[in-house]
Amino acid sequence: MNNFDTKYYNYASIPLENLKPFIENYASPVFLYSRKSLTESFNLLRDILPPKFKIFYAQKSNPNSKILKHINGLGSGCDTASLGEMKSALAAGFAPEKIMLTGPSKSNEEIRFAVDNNILSVNVESVQELNLVNEIAREKNKIQNILVRINPPYDSSENTRIIGGTGVSKFGIDIEQIEIFFKTLKSCGNVYLTGIHIFNSSQILDAEKILSNTKNVIDTAIDLSKTYSFKVKTIDLGGGFGIPYSDNETPINLEKLAEGLNSLVSDKKYSRFLDGVDLIFEPGRYLSGRAGMYLVKVLYTKNSRGTEILLADGGIHHLLRPALIGQSHPAVNLTALFEGRKGNKKYMIAGPLCTSIDSFGENIDLTDTTQGDIIAFLNAGAYGYTESMPQFLSHATAKEIFID
Ligand SMILES: Cc1ncc(COP(=O)(O)O)c(C=O)c1O
């Protein structure tokens, strides 16, 4: 890819001119995050969602404090998955009633913190956890709101198993075993079940799939509410809104999604049930993914048995996804772009770690590259730095810069 004029990246998010200083004064690998891109992605989603849908940013996709503050300012809630994430959400200014705690293996300390801080909801993922939340809330003489996270029976069609998948899952309670949850709940006087949580899959680009998942989750809530006579106030539909990373992928058709969600919530079959119910989406990647790019410098070039290799100063200790799930991030040679160089080649781009998995991919199409060029990996804002392995080989950590 030679220029920014592609669907991968909103070129206006970080205008080229603003990138110049980072190229000229390049000192070390760096993640750049764009305020403008975050705002645009949030507003795009907010504008197409019917008002009863709330957005809770999935902090795990990028916990950078400036990103959190900005997203809080845009009116989002925050989905957290650890003590650290709850603390970061509070420090960024999210009100406790706009923070949820999810995760299959919450510690006693995490649950205590959530209860102490009046977090909106603890999303319970097992019967044992239900008992523990109840016990902690009783000790503190409080009633803690909970959602029950369910492992659904339907296919979630995730290409690379990240969070979804079918069958056995560490996430949530199998729907087939939900009766025992409701039986146990009867003896839990210090929790209040406000609804259900189902996360289907990540990186979905098909609007129809998001719609059918949404419908399935609402149907599940209706069934459970009837079978176990409880009033549903919240349905958490998880995240999963995808972004294109390559030419083979097309962005979500937002018009189709808007139309489908609007007709779903106004359909007579659902509208009565959904009256007064909050529907929550917890997107991570959709909000932060396109807002970030990772810059590295080519320290050496070499040819190994016919393959052109670029050896960069950054690697999978900062951006693990290429090695973890084969994610290919669109790459651009920024130096060549500024210098107006022409001509392309296929490269393997590898990092400094002593493992051959430290590679951003082979056959990466780039403008002819020379020693000292700066390469940008786009769409690196979600599950980039936060998901990497920064300790390996004791290299320096990456800088993170938030661009206003
Ligand atoms: C509970 C929960 N919510 C939200 C998300 C965000 O998913 P995505 O980035 O695909 O929107 C995740 C991702 O793992 C998750 O586990």
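**A closer look at the overall build of the protein chain**
- A count of helices and strands for the protein chain gives 13 helices and 17 strands.
- Whereas a compact globule of 404 residues would reach a radius of gyration of roughly 22 Å, the protein chain reaches 23 Å, a difference of no more than 12%.
- Along the longest, intermediate and shortest principal axes, the C-alpha atoms of the protein chain span 70 × 45 × 40 Å.
- A buried classification covers 54% of the 404 residues belonging to the protein chain.
- Taking contacts inside the protein chain between residues at least 6 apart in sequence as the whole, the part at least 24 apart equals 73%.
- Carbon and sulfur atoms make up 49% of the accessible area of the protein chain, which amounts to about 17400 Å² in all.
- One finds the centroid of the 42 positive side-chain charges in the protein chain at a distance of 3 Å from the centroid of its 44 negative side-chain charges.

**Some words on the site of the ligand**
- Neighbouring the ligand are 15 residues; Ser202, Gly240, Glu282, Arg285 and Tyr383 lie closest to it.
- Between the ligand and aspartate 79, the relevant distance is 3.2 Å, taken from a nitrogen atom to a side-chain nitrogen or oxygen of the residue.
- Contacts to the ligand include tyrosine 383, whose side-chain N or O atom sits 2.6 Å from an oxygen atom.
- Considered on its own, the ligand offers 400 Å² of accessible surface; in the complex 95% of this is hidden by protein.
- Considering only residue class, the shell around the ligand consists of five nonpolar, six polar and four charged.

**Section: the packing of helix H2 (residues 35-48) against helix H3 (residues 65-73)**
- Put simply, H2 and H3 touch, their axes get as near as 10 Å, and they point 40° apart. The orientation of H2 with respect to H3, classified from their angle, is oblique. Helix-helix and strand crossings are classified by hand; for H2 and H3 the assignment is right-handed. On H3, the residues touching Arg35, Leu38 and Thr39 of H2 are Ile67, His70 and Ile71.

**Observations regarding the environment of glycine 167**
- Its place among the elements puts glycine 167 in the loop between strand S6 (144-151) and strand S7 (173-174).
- Note: C-alpha distance between glycine 167 and proline 152 (15 residues apart in sequence) is 8.4 Å.

**So, the domain arrangement of the protein chain**
- Partitioning the protein chain into domains gives domain 1 (16-32 + 290-403) and domain 2 (49-283).
- Each of domain 1 and domain 2 has a C-alpha centre, and the two are 34 Å apart.
- Contact residues are listed per partner, giving 14 residues for domain 1 and 13 residues for domain 2.
- Remark: the boundary between domain 1 and domain 2 carries zero salt bridges.
- Inspection of the region where domain 1 meets domain 2 yields three residue pairs in polar contact (both at pLDDT 80 or more).
- Put simply, the parts of the chain that give the side of domain 1 that touches domain 2 at least two residues each are helix H12 (321-325) and strand S17 (399-403).
- Taken together, the residues of the side of domain 1 that touches domain 2 break down into five nonpolar, six polar and three charged.

**Concerning the pairing of strand S11 (residues 292-304)**
- The sheet contact formed by strand S1 (residues 30-34) and S11 spans four bridges and is antiparallel. For valine 30, the partnering residue across the bridge sits in S11 and is leucine 295.
- Inspection of the sheet shows S11 paired to strand S16 (residues 374-377) by four bridges, in the antiparallel sense. Pairing of lysine 297 across the sheet is with isoleucine 374, part of S16.
- As judged from the six bridges shared by S11 and strand S12 (residues 307-312), these two strands associate in the antiparallel manner. Within S12, the position partnered with threonine 301 by the bridge is leucine 310.
- Between S11 and S12, which follow one another and run antiparallel, lie two residues, and arginine 305 among them has a positive phi close to 45°.

**Description of the packing of helix H5 (residues 108-116) against helix H6 (residues 127-139)**
- Look at H5 against H6: their axes get within 10 Å of each other, and the N-to-C directions meet at 50°. Regarding the angle of H5 to H6, the classification is oblique. When you trace H5 past H6, the crossing you get is right-handed. Within the contact between the two elements, H5 uses Asn108, Ile111, Arg112 and Val115 and H6 uses Glu129, Leu132, Val133, Ile136, Ala137 and Glu139.
- In the contact of H5 with H6, the residues fall into six nonpolar, one polar and three charged.

Each value, and the rule that gives it
Residues numbered from 1 in each chain as written. Predicted model: local features only at pLDDT ≥ 70, side-chain atom pairs only at ≥ 80, totals over all residues. Heavy atoms only, no water. Helix = DSSP H or I, 4+ residues; strand = E, 2+ residues; numbered from the N terminus. Rg over C-alpha atoms; globule rule 2.2 N^0.38 Å. Buried < 20%, exposed > 50% of the residue type's maximum accessible area, 1.4 Å probe, protein only. Contact = heavy atoms within 4.5 Å. Areas by Shrake-Rupley, 256 points an atom, 1.4 Å probe, with all protein chains shown as cover. Lys, Arg positive; Asp, Glu negative; His and termini not counted. Charge placed at Lys NZ, Arg CZ, Asp CG, Glu CD. Near = heavy atom within 4 Å. Polar contact = N/O pair within 3.5 Å; in protein donor to acceptor, adjacent residues only side chain to side chain. Nonpolar A, V, L, I, M, F, W, Y, C, P; charged D, E, K, R; others polar. Axes fitted to C-alpha atoms, helices over the stretch in contact; angles between N-to-C directions. Parallel < 35°, antiparallel > 145°, perpendicular 65-115°, else oblique. Left-handed = near helix turned anticlockwise from the far one by under 90°. Domains from an automatic or database assignment. Salt bridge = Lys/Arg side-chain N within 4 Å of Asp/Glu carboxyl O. Pairing = 2+ DSSP bridges.

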